[in-house]
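If you want the building blocks of each chain, they are given just below.
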Amino acid sequence: MAKQKNIQSVLHEERKFAPPAAFARKANLKSKDLDALYARAANDYVGFWSDLAREEIVWQRPFTRELDDTEAPNFRWFTDGFLNVSYNCLDVHLAERGDKTAIIFEGEPGDTRRISYRELHGQVCQFANVLKQQGVNKGDRVVIYMPLIPEAVIAMQACARIGAVHSVVFGGFSAHSLADRINDAGARLLITADGGWRGGHSVELKAAADKALEAGCPTIERVIVYRRTGRPCVMRSGRDSWWHELAAGQRIQCEPEWVDAEHPLYLLYTSGSTGKPKGIQHASAGYLLQTKLTSRWVFDLKDDDVFWCTADVGWVTGHSYVAYGPLAAGTTLLMYEGAPTYPDGGRFWKICQEHGVTILYTAPTAIRALMRLGDEVPKKYDLSRLRLLGSVGEPINPEAWMWYHRVIGAGRCPIVDTWWQTETGAIMMTPVPGVTATKPGSCTRPLPGIFADIVDDEGRSVNKVGAGGYLVIKRPWPSMLRTIWGDNERYLNTYWEKFHNRFYVAGDSAHRDADGYYWIMGRIDDVLNVAGHRLGTMEIESALVAHVHVAEAAVVGRQHEIKGESVFAYVVLNKARPQGAAADALADELRRWVADQLSPIARPDDIHFTDNLPKTRSGKIMRRLLRALARGEAITQDVSTLENPAILEQLRGAKHSPSAAPAKKATPKAKVKAARKPPRKTAVKKRPAKPARRGESKRR
Ligand code: PRX
C-alpha cells in the first residue's frame, strides 16, 4: 500500500446520533456492562472468551484447553471439549420454550408457516435420521442448494446434528458454480428442491442441479429433493429421492453426535482474488459461541422479539444470523423466501407489519432499492413494532442510512452497521445499540474481544485521523475461519503472509476518525462488492475468456447507485471488433454467458470491446487506468509506461451497457479508492491453441 501512504479520507460525515433513551434504558448491554467486557477482554482475551464459552455453551465434555496456538496462525479454541451445535440451538430450549415459535415463514406466493422450537427439533432430528439412512457419516460433506425456506435451515441443523459438514451454495448460483463447489468439497450428497419462488418466477433448482451433476460430480451418490413449487421435475431413479418420502419413515428423535470443538461445522465458498472460490472452513464451538453472543449483544434480543435477517442462507449472514446465532439465543426468527419488491415495493414493510417484526437486519443494496421507490410506500404500513435496524455486507452511504433511520425507523430505532466477513464468522465491528452513538456510514468500533487496527505497509498502526490503511485483526477470536478447505497454503498466503503471521489481514482498507470510529473504505484486493455479494474479478474474467469469441478480458468495478458497485468488463475478441447492433448483440450474449457460467449477480452491466488492453512494457495490465476510464474519472497516473498508448482513445469510446447510462461522475472518495488499488500482475488471457474450457482458464 505504498501508494496509499498519504491518502487522506475525504468523507466528512459529522452527524452523530446518541442511542435513544427509551431504547438504552431497556438494552441488554448497558454502558457499564460493555465497559466491563472491554476491560476483561483487554486484561486477558483468552480467559474472556473461555469464560464465555463455559457460560454460553452446553458441553457434553467441558474443555480444559483454551487457545491452542501451537500451529499459529492456524488457531484452535477449546480443543478438548465436546459438544453438538444443533443440540445447543434446539434441545437446550425444549424445557423452557418448546412451544415458542422458532421460525415464522412467509413464502413469496404468500403462504405462511409457524414452527415452534419443539417442532423444529423434531423436524431436524427426523431429517438427521434421513441423512444417516442415506449413508452420510460424521465428517462427510453435504451440499445444500435450496431456496430460502425453513427446510434449508433444517438441512443445515440436521448436518450439524450428525457431525456432517454442510456447504450451502446460494440458489442464485449457476450449475457450473454449483458443480465447482461440489467437486472442491468432495460432497457425497446433495440436498435441493424442485424450485423456489423469486420475483414471481420459479427458480428451477433441480434442473440446475441436474445440469451440474451431468457436468461431472463424481463424488455425489445421492440427491434429496424437497417439493416446494410442485412443478414437474425429473427424478433419476437410484440417485434422487423426495424429502417427504424419506422423512415419512423416520423418527423425530435423533441422538446428537458429540463432536470436538474444532470439528468443522461448515464450508462456505467465497470469492477471492484468484479465479477459484475459497472454501472457508468454520469450526463448531467458537463459531457457535460468537454467533450466539453477537445475536444477543448486537441485536439486543429479548424473548418477545421477532428478528428478521433478510439474508439468504447461501451467504454467511444467513448462516450466522438465520440458521445458527438467533436459534442458539432462543429467538423467534422470520424467514421470507422471495424478492423484496414482489409483487410490489411494499412487500418488506407488509411483512414487518403483519408479523410484528421488531428487528430488521438487511443490506444497503436493498435499502437503496427500496428508498428509490419513495417514502410513501413504507408509510402505508404500520412499522411501529420495529425497534432496531441493522445493515451488513457493504458500506452504507449516509443518504441511505438517513433514510433507513428517518423513514423506516421513524427516528426511534438505533441502526447497527455491522462489519464482518465470511471469514470472521460473526460480527466484529458494530455499534452496540443501547450504548454507542452512531454516525451514518461508520461501523463504529470493534466488539469486546476483537482487537482490530489499521496499519500501514510496514504493519505500524496508523493513528492519524482520516489516514487510510489495512484493516487487520491482531488477536485470534473463536469464530475465525480455521483454514481454506484443502488449501492451507492459500489460507496462510491470503490472510497472514503480508505481515508475517502477526495479523489477520481482512482485505479491506479503512480509516479512523477523531472518535476512534472505523470507516470501511472498500476492498484492497481484486474483489468487487456487487449488491453486497463478493465477486472476484478473476472469476468473471475466467468466465468471459471461456467464451469462444473472447481472447482476453479485464474486469473492474464502477460505482452503481443501487448495487454499490457494478461489473465493467473490457473484452478483447479473437475476431474483428463488431460495431453497432452486432456489438450490442454480442455484449448481450456475453452477459448471458457470464450469468450462466457463474451467476446473474456477476453479469457485467458494461462491456467494452477493445482491440487491446492497456499494458506496461513488462506486460502488466494497467488496471487503475481501466478503473479510472470505467468510472469516467480523470486519468491521473503516469501513462508513459504504456506499451500501446494509442489504445487509450479506443478505451474511451462507447461501451455496451443495457441502460446506456453514462458513467457517473466519480466522487472524491472513489478516486481515493481507485488510486489505492495496486495493479494486478496479469490479465486473464486465453491460452493459444486450446479450446475454451472454463475450468482451465480458471486455474491460471
Ligand atoms: O468489504 C467488506 C464488506 O463485505 C466484505 C465481506 O463480504 P462477505 O464475506 O461476503 O460477508 C458479507 C457479510 C458479512 C468485507 O470485507 N462489508 C461487510 N460488512 C460491511 C462491509 N463494508 C462496509 N460496511 C459493512 N458493514
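What counts, and where the lines are drawn
- Residues numbered from 1 in each chain as written.
- Predicted model: local features only at pLDDT ≥ 70, side-chain atom pairs only at ≥ 80, totals over all residues.
- Heavy atoms only, no water.
- Near = heavy atom within 4 Å.
- Polar contact = N/O pair within 3.5 Å; in protein donor to acceptor, adjacent residues only side chain to side chain.
- Areas by Shrake-Rupley, 256 points an atom, 1.4 Å probe, with all protein chains shown as cover.
- Helix = DSSP H or I, 4+ residues; strand = E, 2+ residues; numbered from the N terminus.
- Nonpolar A, V, L, I, M, F, W, Y, C, P; charged D, E, K, R; others polar.
- Buried < 20%, exposed > 50% of the residue type's maximum accessible area, 1.4 Å probe, protein only.
- Axes fitted to C-alpha atoms, helices over the stretch in contact; angles between N-to-C directions.
- Contact = heavy atoms within 4.5 Å.
- Salt bridge = Lys/Arg side-chain N within 4 Å of Asp/Glu carboxyl O.
- Expected span 1.5 Å × (residues − 1).
- Arc of directions from axis to C-beta.
- Pairing = 2+ DSSP bridges.
- Parallel < 35°, antiparallel > 145°, perpendicular 65-115°, else oblique.
- Left-handed = near helix turned anticlockwise from the far one by under 90°.
- Phe/Tyr/Trp six-rings, centres within 6.5 Å; stacked < 30°, edge-to-face > 60°.
- Lys NZ or Arg CZ within 6 Å of the ring centre and 35° of its normal.

Asks: Honestly, the site of the ligand in this entry has me stumped. Any pointers?
Replies: In the neighbourhood of the ligand, 17 residues make up the surrounding shell, with Asp417, Thr418, Thr422, Arg523 and Arg534 lying closest. One of the backbone N or O atoms of Gly393 is found 3.1 Å from a nitrogen atom in the ligand. Interatomic distance of 2.8 Å between a backbone N/O atom of Thr418 and a nitrogen atom of the ligand. For the ligand, whose unbound accessible area comes to 540 Å², protein coverage reaches 95%. Only helix H11 (316-328), strand S20 (415-418) and strand S25 (518-523) provide two or more residues apiece to the shell around the ligand. Across the shell around the ligand, the residue classes break down as six nonpolar, six polar and five charged.

Asks: I would appreciate a short explanation of helix H12 (residues 347-355) in the present structure.
Replies: Since the α-helix packs 3.6 residues into each turn, any two residues three or four apart lie on the same face. Within H12 the residues assigned to the buried category are Arg347, Phe348, Trp349, Ile351, Cys352 and His355. Residue Gly356 follows H12 closely and has a positive phi angle near 60 degrees.

Asks: I keep staring at the packing of helix H4 (residues 85-97) against helix H6 (residues 150-162) and nothing clicks. Help me out?
Replies: The angle between the axes and the distance between the axes are what describe a pair of packed helices. Where H4 contacts H6, the axes come no closer than 7 Å and their chain directions differ by 115 degrees. For the pair formed by H4 and H6, the contact residues are Val85, Ser86, Tyr87, Cys89, Leu90 and Asp91 on the first element and Gln157, Ala160 and Arg161 on the second. Here the residues of the contact of H4 with H6 sort into five nonpolar, two polar and two charged.

Asks: Help me out: how do you make sense of the pattern of salt bridges in this one?
Replies: Between side chains of opposite charge, a pair can form as their charged atoms come close. Evaluation of the coordinates by the stated rule reveals 53 salt bridges. Here Arg387 makes a salt bridge to Asp305, at a shortest N to O gap of 2.8 Å. In this pair, Arg387 is assigned in the loop between helix H14 (376-379) and strand S19 (388-392) and Asp305 in the loop between helix H10 (284-299) and strand S16 (306-309), connecting sequence segments 82 residues apart. When its relative accessible area of 2% is taken as the criterion, Asp305 is described as buried. With a shortest N-O distance of 3.5 Å, Arg523 and Asp508 are connected by a salt bridge. With Arg523 in strand S25 and Asp508 in strand S24 (residues 504-512), the pair connects residues that are 15 residues apart, well separated along the chain. Assessed through its relative accessible area of 10%, Arg523 is described here as buried. Look at Asp508 and you get buried, because its relative accessible area is 7%. Connected via shared salt-bridge partners are Arg40, Asp44, Asp51, Arg54 and Glu66.

Asks: Explain helix H2 (residues 31-43) here, please?
Replies: Spanning 13 residues, H2 covers 18 Å between terminal C-alpha atoms, matching the ideal 18 Å at 1.5 Å per step. When H2 is considered as a whole, its buried residues turn out to be Leu34, Leu37 and Ala41. Here the buried residues of H2 occupy an arc of 60 degrees about the axis, which is enough to place them on one side. Along H2, the residues that are exposed and aim more than 90 degrees away from the buried face are Lys32, Ala42 and Asn43.

Asks: I keep staring at the sheet that holds strand S6 (residues 141-145) and nothing clicks. Help me out?
Replies: Either a parallel or an antiparallel arrangement is found when strands of a sheet pair, and the pairing is made through backbone hydrogen bonds. Ordered in space as S12-S11-S8-S6-S7-S14-S15-S23, the eight strands form an open sheet in which the pairing is mixed. Edge positions in the open sheet fall to strand S12 (240-242) and strand S23 (483-484), since each of these has one partner strand only. Note that strand S11 (residues 222-226) and S12 share three bridges and pair parallel. Looking at the pairing, Val223 lines up with Asp240 of S12.

Asks: I would appreciate a short explanation of the packing of helix H17 (residues 537-545) against helix H18 (residues 580-597) in the present structure.
Replies: In the contact formed by H17 and H18, the axes pass within 9 Å of each other and the chain directions differ by 120 degrees. Put simply, H17 runs oblique to H18. Between H17 and H18 the crossing geometry is right-handed. Contacts between H17 and H18 involve Ile540, Ala543 and Leu544 on the former and, on the latter, Leu590, Trp593, Val594 and Gln597. When grouped by side-chain class, the residues that make up the contact of H17 with H18 number six nonpolar, one polar and no charged.

Asks: Just checking my understanding: could you explain the packing of aromatic side chains for this structure?
Replies: What describes a pair of aromatic rings is the distance from one ring centre to the other and the angle between the planes of the rings. For the structure shown, the criterion picks out 34 aromatic pairs. Summarising the aromatic geometry, the rings of Tyr491 and Trp496 are spaced 6.4 Å apart at their centres and angled 55 degrees between planes, so their arrangement reads as tilted. The residues Tyr491 and Trp496 share a single accessibility class, namely buried. Through a chain of ring-to-ring contacts, three or more aromatic side chains come together here, namely Phe75, Trp477, Tyr491, Tyr495, Trp496 and Tyr504. Across the ring face of Tyr517, the terminal group of Lys16 is positioned such that the distance to the ring centre comes to 5.7 Å. Lying across the ring of Phe451, Arg475 places its NZ or CZ 4.3 Å from the centre.

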